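# An overview of the molecular structure
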Amino acid sequence: MQSSGHRLRDVEHHPLLNNEEDFDGPSSESELPDRIWFIRDGCGLVCAFITWFLVLYADFVVTFVMLLPSKNFWYALINGVAFNFLAVLALTSHLRTMLTDPGAVPKGNATKEYMDSLQLKPGEVIYKCPKCCSIKPERAHHCSICKRCIRKMDHHCPWVNNCVGENNQKFFVLFTMYISIISAHALILAGFQFFTCVKDQWTECSDFSPPAAVILLIFLCLEALLFLTFTAVMFGTQIHSICNDETEIERLKNEKPTWERRVRWEGMRMVFGGQPSLLWINPFAGLRLRRLLSRTRKGGAEFSV
């Protein structure tokens with residue numbers, strides 16, 4: 001198909017156009033629009049709800065079954081503050097992963113006027129996604145659930161009801177990290193609780209009856225062990241991908257890199273932003289809640305699907 005001296009091809013993979021600044025989508029967190037990105041997917045919403053329920057269940061067992069009945073005030077205070085603080089960070093990371101635009105390419109931008117504005121050289125080939133009718137930048141892939149092409153799409157995760165892509169990978173990594181930490185913390189506390197209760201023959205060990213306490217602790221241990229295994233593996237996989245500047249899709253498809261790889265610390269700085277600092281592990285960094293609330297009061301939040 002000839003158009004304005006350049007060729008447009010309907011293909012799904014290996015786009016050659018690599019200048020991401022030519023596109024309307026955000027290329028960094030600081031450029032994100034003041035809107036809420038939300039995917040209306042039934043399975044993803046159920047998985048997100050289960051995630052929150054399990055984290056809150058763990059927090060309930062740790063706080064009310066193990067720590068509050070403890071005779072050691074400082075033991076209960078220190079562990080309670082630490083666990084709840086990490087749980088807040090984990091849930092905040094989950095929310096920001098779920099409600100952040102992962103790097104969606106504008107839908108339906110493959111128009112003659114838009115292609116003319118790119119000022120491409122005669123004979124230069126650009127690639128169009130036939131599913132969402134958008135011009136695909138390099139390393140973008142189409143997500144059948146989000147129904148959009150996503151820049152640097154790593155994978156679609158139902159547990160966060162969103163794709164993991166260019167703009168929210170940091171929050172997904174923080175989510176897996178904090179969940180693995182609180183899972184390990186819960187396992188340690190549960191082990192100590194079992195040891196203490198068996199030693200005291202379950203007398204004055206908990207405000208719950210021994211059968212109820214045992215059942216709650218067993219479910220907590222199973223949950224924590226499952227979450228720890230899954231999130232620790234996912235965290236390691238994500239860090240490995242970031243350090244090698246390769247998404248999971250690119251690795252599975254064995255795509256040969258046509259881009260200049262940013263490896264190790266350069267890749268980490270690209271995802272987490274700037275030099276190593278506490279901002280790297282802060283899921284609240286860059287959150288513009290006041291502007292979002294102001295926009296919501298004026299005309300309602302924008303929801304993207």
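Just so you know, the residues in each chain are numbered from 1, in the order the chain's sequence is written. At least 70 in pLDDT is required for a residue's local features to be given in this predicted model, at least 80 for side-chain atom pairs to be given and counted, and no such filter applies to totals for whole chains, interfaces and linings, which use all residues. Where side-chain values are given, they derive from all heavy atoms of the structure, hydrogens and water being excluded.

## Some words on the overall build of the protein
Heads up, the rule is: Every helix listed is a DSSP run of H or I at least four residues long, and every strand listed is a run of E at least two residues long, numbered separately from the N terminus. Type-normalised accessible area, obtained with a 1.4 Å probe on protein chains alone, sets the label of each residue: buried when under 20%, exposed when over 50%, and partly exposed for intermediate values. In this analysis, two residues are considered to be in contact whenever any of their non-hydrogen atoms come within 4.5 Å of each other. Surface accessibility follows the Shrake-Rupley procedure with a 1.4 Å probe radius. Residue values consider only the protein chains on display as shielding.
A count of helices and strands for the protein gives 8 helices and 10 strands. Taken across its 305 residues, the protein has 47% of its residues classed as buried. Contacts spanning at least 24 positions in sequence make up 75% of the contacts within the protein whose residues lie at least 6 apart. Surface exposure of the protein reaches about 16,100 Å², of which carbon and sulfur atoms provide 63%.

## A word on the packing of aromatic side chains
Put simply, the test is: Here a pair means two rings of Phe, Tyr or Trp (six-membered ring of Trp) with centres within 6.5 Å. Their orientation is stacked below 30 degrees between planes, edge-to-face above 60, and tilted elsewhere.
Applying the stated criterion to the full structure yields 6 aromatic pairs. Aromatic pair Phe60 and Phe64: ring centres 5.4 Å apart, planes at 35°, arrangement tilted. On the criterion of helical spacing, the pair formed by Phe60 and Phe64 is a turn pair, its members being 4 residues apart in helix 1 (residues 42-67). The exposure class of Phe64 is partly exposed, given its relative accessible area of 41%. Their ring planes at 25° and their centres at 5.4 Å tell us that Phe272 and Trp280 sit as a pair that is stacked. This pair shows no difference in class: Phe272 is buried, exactly as Trp280 is. An aromatic cluster of three or more residues is present, and its members are Phe60, Phe64 and Phe208.

## Focus on the UniProt feature "transmembrane region" (unreviewed entry) in the protein
In plain terms, the rule: UniProt positions are given in the numbering used here, feature names are shortened, and annotations may be inferred rather than shown by experiment.
UniProt records the feature "transmembrane region" (unreviewed entry) at residues 45-67, 73-91, 171-192 and 212-235, using the numbering of this structure. With 100% helix and 0% strand, residues 45-67 has its two end C-alpha atoms placed 32 Å apart.

## Let's talk about the side chain of Glu248
Note the cut-off: Under the rule applied, a polar contact is a pair of N or O atoms within 3.5 Å (in protein, one hydrogen donor and one hydrogen acceptor; residues adjacent in sequence only if both atoms are side-chain atoms).
Mapped onto the elements, Glu248 comes out in helix 6 (residues 248-252). Within polar-contact distance, the side chain of Glu248 engages the side chain of Arg251 at 2.5 Å. Among all residues touching Glu248, those that are not within four sequence positions of it are Asp154, Thr237 and Ser241.

## Points about the environment of Gln193
Relative to the helices and strands, Gln193 resides in helix 4 (residues 169-199). With a relative accessible area of 6%, Gln193 lands in the buried category. The sequence separation of Gln193 and Leu217 amounts to 24 residues, and the corresponding C-alpha distance is 8.7 Å. Those residues within four positions of Gln193 in sequence are excluded, and the remaining contacts are Val65, Met66, Cys205 and Leu217.

## Looking at the pairing of strand 7 (residues 148-151)
Selection criterion: A pair of strands counts as paired when DSSP detects no fewer than two bridges linking them.
Here strand 7 shows a buried face lined by Arg148 and Ile150 and a second buried face lined by Cys149 and Arg151. Across 4 bridges, strand 6 (residues 140-143) lies against strand 7 in antiparallel orientation. Among the inter-strand pairings, His142 is bridged to a residue of strand 7, identified as Cys149.

## Here we look at unusual backbone geometry
Non-glycine residue Cys133 carries a positive phi angle of around 55°. In this fold, Cys133 is placed in the loop between strand 4 (125-129) and strand 5 (134-135). According to the relative accessible area criterion, Cys133 is partly exposed, its value standing at 32%. In this model, Asn161 sits at a positive phi of 50°, which is unusual for a non-glycine residue. Within the element layout of this structure, Asn161 appears in the loop between strand 8 (155-157) and strand 9 (162-164). The buried category is assigned to Asn161, whose relative accessible area is 0%.

## Regarding the nonpolar core
Where we set the bar: Grouping buried Ala, Val, Leu, Ile, Met, Phe, Trp, Tyr and Cys residues that are joined through side-chain atoms within 4.5 Å yields what is termed a nonpolar core.
The biggest cluster of nonpolar side chains holds 42 residues, and the ones touching the most others in it are Val61, Val62, Met66, Tyr178, Ile179, Leu220 and Phe272. If you list the elements that add at least two residues to this core, you get helix 1, helix 2 (73-99), helix 4, helix 5 (210-244) and helix 7 (265-272). Per-element accounting of this core gives the leading share, 11 residues, to helix 4. Filtering out sequence-adjacent residues up to four positions away, Ile179 remains in contact with Val55, Ala90, Phe227 and Thr231.

## Description of the environment of Thr237
As for its position among the elements, Thr237 is in helix 5. Between the C-alpha atoms of Thr237 and Val173, which are 64 residues apart in sequence, the distance is 9.6 Å.

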